[in-house]
Amino acid sequence: MPDLDPEDEKIIILARSARARVQAEEGAAVRDVDGRTYAAATVELPSLKLTALQAAVAAAVSSGAEGLEAAAVVTDAAAVGDLSVRAVRELTPDAPILRADAAGELRETIR
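Right, let's walk through the structure included here.

Rules of the game
- Residues numbered from 1 in each chain as written.
- Predicted model: local features only at pLDDT ≥ 70, side-chain atom pairs only at ≥ 80, totals over all residues.
- Heavy atoms only, no water.
- Helix = DSSP H or I, 4+ residues; strand = E, 2+ residues; numbered from the N terminus.
- Pairing = 2+ DSSP bridges.
- Salt bridge = Lys/Arg side-chain N within 4 Å of Asp/Glu carboxyl O.
- Buried < 20%, exposed > 50% of the residue type's maximum accessible area, 1.4 Å probe, protein only.
- Contact = heavy atoms within 4.5 Å.
- Axes fitted to C-alpha atoms, helices over the stretch in contact; angles between N-to-C directions.

**Re unusual backbone geometry**
Residue glutamine 23 is not a glycine yet carries a positive backbone phi of 50°. Positionally, glutamine 23 belongs in the loop between α1 (6-22) and β1 (26-32).

Printed below as a string of structure tokens:
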């Protein structure tokens, strides 16, 4: 990932790690406006379903984050789902969302 800002590379690595740790469909990480990072994987329980990005945003918000600088999703899907994008946009309308594949290669930046 030579063309990425080191902080963006970091959240992609965190997202990959979250995905691999529980072998989930997606892993995600966000960086808040204070530089703190939060990572999560897809949650699929009978009573609770969250995309990885929704879970990472929820972790940030529950820790007091007031906004996001950036978000990353590691997935094999061809696009980041609408619910994931909306979770980021509700907190910070212009935060870039990086979509990377399982190898951590950046495939798209959603602005």
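**Structural notes on the pairing of strand β7 (residues 106-110)**
Looking at chain direction, strand β6 (residues 97-100) and β7 are connected through 4 bridges and run antiparallel. Each bridged residue has a counterpart across the sheet, and for arginine 99 the counterpart in β7 is glutamate 108. With antiparallel pairing between neighbouring strands as the criterion, β6 and β7 make up a hairpin whose turn holds 5 residues, including glycine 104 at a positive phi of roughly 90°.

**Examining the pattern of salt bridges**
For the structure on display, the rule yields 8 salt bridges. Here aspartate 8 makes a salt bridge to arginine 31, at a shortest N to O gap of 3.0 Å. Of this pair, aspartate 8 sits in helix α1 while arginine 31 sits in strand β1, and the two are 23 residues apart along the sequence. We classify aspartate 8 as buried; its relative accessible area is 15%. Looking at arginine 31, the relative accessible area reads 7%, which means it is buried. Its salt-bridge partner being arginine 86, residue aspartate 82 comes within 3.2 Å of it at the nearest N-O pair. Remark: arginine 86 and aspartate 82 occur in helix α3 (residues 82-91); sequence separation between them is 4 residues, near one turn of the helix. Given a relative accessible area of 42%, arginine 86 falls into the partly exposed group.

**Structural notes on α3**
Those residues of α3 lying buried are Ser84, Val85, Ala87, Val88 and Arg89. Structurally, α3 contributes buried residues whose contacts are with β1, α2 (52-62), β5 (68-75), β6 and β7.

**Structural notes on the sheet that holds β5**
Taken in spatial order, the 5 strands make up an open sheet running β2-β1-β5-β6-β7, and their pairing is mixed. Two strands lie at the open edges of the sheet, namely β2 (37-41) and β7, each paired on one side alone. In this sheet, adjacent strand axes meet at a mean angle of 15° when their direction is disregarded. Strand direction decides the pairing type here: β5 and β6, joined by 4 bridges, are parallel. The residue of β6 that forms the bridge with alanine 71 is isoleucine 97. This element, α1, spans β1, β2, β5, β6 and β7 of the sheet and lies at about 145° to β1. Against the sheet, α2 engages β1, β2, β5 and β6, with an angle of about 30° to β1.

It is worth stressing that arrangement in space is one thing and function is another; only the former is reported here.
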